[in-house]
Amino acid sequence: MNTCQFKNLELEISNPCNEHCLHCYRDCLNKRKEFMTVKMVTNVLEQAIKLGVSNVVITGGEVLLNPQWQLICKIIDSFGLRFSILTNGTLMTEKDIDYIKTLINLRQVQISLYAIDEDTHDKITGLKGSCKKTKDAISLLRDRNIPLFVSCPAMQENKDFFPDVMRKMNSENINNCIDLMIFGSSDYKGDNLKHCLTVKDINNFFSVAMENRGELAYIFKKSNPVCLSQISFYGGATQNLCIGADGTIYPMIGWYEPLGNIRENSLKEIFYDNLLLKKIRTIKAQDIPECTVCTASDFCGFCPTTHLTANHGELYKLNKTYCKYVHLIKQLAKQRDDILEALEKKEDLNVL
């Protein structure tokens, strides 16, 4: 009996991207300029829906480079599946956004914005004028009341600017997320990691985040105690499949270990019978010795990709840099809570 549920399907419908982001984990420039077809998507969805998939992500590369992207969205929508579109927004026109507005089962459009400052954003993407185009797309999507999520990986190049992204999105009631740590490239070389924030950078940001009664300090989250025996260490990879534009099947976005090809293998065959997937489903957080003695597991996201890319895909090994990062976040979260509690007590005394 199959006990694992296939929940999420990730479709990289476009291999190429028109941006060349400094921190990109996908090394998409080394891949062939291929696009997923409507026929392939239909085949995949017909199989996936029989296996219980309820959520789809369409991404790339850049989604809008695929000449059939609208038809692909329409097909997914017609299957009644909730889905998200990940795009940089630079190619989006008003007509495109009007079309997106018609999609019934769209969960959200996710766009990356690295800075409000155009020179900074464009330096990261390697595409002059990309910031303005991305901001224009965000404004149009917001004005059409299309569910929108703005992501902003933080790195050396935008460390003085990403707080402004947070403030701007918050002021416009746009859901957003700042990633204070980027993970290594899928080719395991890790050349992109030279752009990571340092411990000093994160501490400096903490000081900024605490301004105005901790206006931005929510990013450090709250404690979330977990039961290690119930946590799958390889998380999303146990319930996902990612399919590249050429039909290659992978465990998940960011972990590009080939499992087969949709032209030769069924999703059912790969999801339930692949030996690697069967193996990772047996591995719980409690099976990692370092996790059993960790004092910061309540702040850990148990992100498999960061560990796998740091260790050439080898299982059971940790990215020690990520572990140190989790401990730092817990430390800063406690500092935030202590500062805000002291401030509140002081104000209560002043009232008395």
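Residues numbered from 1 in each chain as written. Predicted model: local features only at pLDDT ≥ 70, side-chain atom pairs only at ≥ 80, totals over all residues. Heavy atoms only, no water.

A.B. asks: I'd like a rundown of the overall build of the protein chain, residues and numbers included.
C.D. replies: Helix and strand counts for the protein chain stand at 13 helices and 9 strands. What you see for the protein chain is a C-alpha radius of gyration of 21 Å, in line with the 20 Å of a compact globule of 352 residues. Structurally, the protein chain occupies a C-alpha span of about 70 × 50 × 40 Å along its principal axes. Looking at the protein chain residue by residue over its 352 residues, the buried ones come to 52%. Roughly 17,000 Å² of accessible area belongs to the protein chain as shown, and the carbon and sulfur atoms make up 51% of that amount. Charged side chains in the protein chain number 42 positive and 42 negative. The centres of these two groups are separated by 3 Å. (Helix = DSSP H or I, 4+ residues; strand = E, 2+ residues; numbered from the N terminus. Rg over C-alpha atoms; globule rule 2.2 N^0.38 Å. Buried < 20%, exposed > 50% of the residue type's maximum accessible area, 1.4 Å probe, protein only. Areas by Shrake-Rupley, 256 points an atom, 1.4 Å probe, with all protein chains shown as cover. Lys, Arg positive; Asp, Glu negative; His and termini not counted. Charge placed at Lys NZ, Arg CZ, Asp CG, Glu CD.)

A.B. asks: Can you break down the state of the cysteines residue by residue, with the values?
C.D. replies: On inspection of all chains with the given rule, the structure shows 0 disulfides. Not part of a disulfide, Cys-300 finds its nearest cysteine sulfur in Cys-291, a span of 6.5 Å. Residue class for Cys-300 comes out partly exposed when judged on its relative accessible area of 22%. (Disulfide = S-S within 2.5 Å.)

A.B. asks: Outline the nonpolar core, supporting the account with residue identities and numerical values.
C.D. replies: Membership of the largest hydrophobic core comes to 96 residues, with the highest contact counts inside it found for Leu-9, Leu-11, Val-56, Ile-76, Leu-180, Phe-220 and Leu-267. Leaving out residues up to four positions away in the same chain, Phe-220 has contacts with Leu-180, Phe-205, Phe-206, Ala-209, Phe-299, Ile-329, Leu-332, Ala-333 and Arg-336. (Core = buried A, V, L, I, M, F, W, Y, C linked by side-chain atoms within 4.5 Å. Contact = heavy atoms within 4.5 Å.)

A.B. asks: Tell me about the pairing of strand 6 (residues 175–179), and please be specific about residues and values.
C.D. replies: By the alternation rule, side chains of strand 6 split into Asn-176 and Ile-178, which are all buried, and Asn-175, Cys-177 and Asp-179, of which none is buried. Bridge count for strand 5 (residues 148–153) against strand 6 is 5 bridges, and the pairing is parallel. In the sheet register, Cys-152 faces strand 6, and the bridge partner there is Ile-178. You can see the chain leave strand 5, run along helix 6 (residues 162–171) and come back into strand 6, and the turn it takes is right-handed. (Pairing = 2+ DSSP bridges. Right-handed = clockwise from strand over helix to strand, strands pointing away.)

A.B. asks: Explain the packing of helix 4 (residues 118–125) against helix 5 (residues 130–143) to me, using residue names and the numbers behind them.
C.D. replies: Two elements in contact, helix 4 and helix 5, have axes separated by 7 Å at closest approach and are oriented at 105°. As the angle between them shows, helix 4 and helix 5 are arranged roughly perpendicular. Between helix 4 and helix 5, the contacting residues are Glu-118, His-121, Asp-122 and Thr-125 on the first element and Ser-130, Cys-131, Lys-132, Thr-134 and Lys-135 on the second. A breakdown of the residues in the contact of helix 4 with helix 5 according to their chemical character gives 1 nonpolar, 4 polar and 4 charged. (Axes fitted to C-alpha atoms, helices over the stretch in contact; angles between N-to-C directions. Parallel < 35°, antiparallel > 145°, perpendicular 65-115°, else oblique. Nonpolar A, V, L, I, M, F, W, Y, C, P; charged D, E, K, R; others polar.)

A.B. asks: Describe the environment of Asn-170, with residues and values.
C.D. replies: Structurally, Asn-170 is set in helix 6. It is 38 Å that separates the C-alpha atoms of Asn-170 and Thr-42, two residues lying 128 residues apart in sequence. Ignoring sequence-local partners within four residues, the contact set of Asn-170 consists of Asn-176, Leu-216 and Tyr-218. At 3.0 Å, the side chain of Asn-170 and the side chain of Asn-176 are in polar contact. Here the side chain of Asn-170 touches Tyr-218 through a polar contact of 2.9 Å, side chain to side chain. (Polar contact = N/O pair within 3.5 Å; in protein donor to acceptor, adjacent residues only side chain to side chain.)

A.B. asks: Run through the environment of Glu-269, naming residues and quoting values.
C.D. replies: Mapped onto the elements of the fold, Glu-269 is located in helix 9 (residues 267–273). Polar contacts involving the side chain of Glu-269 include one to the side chain of Asn-265, which spans 3.3 Å.

A.B. asks: Residues and numbers for unusual backbone geometry, please.
C.D. replies: Excluding glycine, most residues fall at negative phi; most peptide bonds, likewise, are trans. That bond from Gly-60 to Gly-61 is cis: its omega, 25°, falls within 30 degrees of zero. Tracing the backbone through its elements, the reader meets Gly-61 in the loop between strand 2 (55–60) and helix 2 (69–78). Phi at Arg-213 is positive, roughly 60°, even though this residue is not glycine. Tracing the backbone through its elements, the reader meets Arg-213 in helix 8 (residues 211–214).

A.B. asks: Pulling in residues and values, what's your account of the pattern of salt bridges?
C.D. replies: Per the counting criterion, the structure on display carries 18 salt bridges. One salt bridge connects Lys-330 with Asp-298, and the closest N-O pair in it is separated by 3.2 Å. Pair noted here: Lys-330 is in helix 13 (residues 320–351) and Asp-298 is in the loop between helix 11 (289–292) and helix 12 (304–310), with a separation of 32 residues, a long-range link. Here Lys-330 falls in the partly exposed class, since its relative accessible area comes to 27%. Connected via shared salt-bridge partners are Arg-142, Asp-143, Lys-168 and Glu-172. (Salt bridge = Lys/Arg side-chain N within 4 Å of Asp/Glu carboxyl O.)

A.B. asks: Account for helix 13, naming residues and giving values.
C.D. replies: Think of an α-helix as 3.6 residues a turn; residues three or four steps apart then line up on the same face. In this model helix 13 runs 47 Å from its N-terminal to its C-terminal C-alpha over 32 residues, within 8% of the 46 Å that 1.5 Å per residue would give. Tyr-322, Tyr-325, Val-326, Leu-328, Ile-329, Leu-332, Ala-333 and Arg-336 are the residues of helix 13 that are buried. The residue sitting at the N-terminus of helix 13 and contributing the capping side-chain oxygen is Asn-319; that oxygen lies 3.1 Å from the backbone nitrogen of Thr-321. (Expected span 1.5 Å × (residues − 1).)

A.B. asks: Which residues make up the sheet that holds strand 7 (residues 240–243), and what values go with them?
C.D. replies: In spatial order, the strands read 6-5-4-3-2-1-7-8-9; together these 9 strands make up an open sheet with mixed pairing. The sheet is open, and its two edges are formed by strand 6 and strand 9 (260–261), each paired on a single side. As paired strands, strand 1 (residues 8–14) and strand 2 are joined by 6 bridges and run parallel to one another. Pairing of Ser-14 across the sheet is with Gly-60, part of strand 2.

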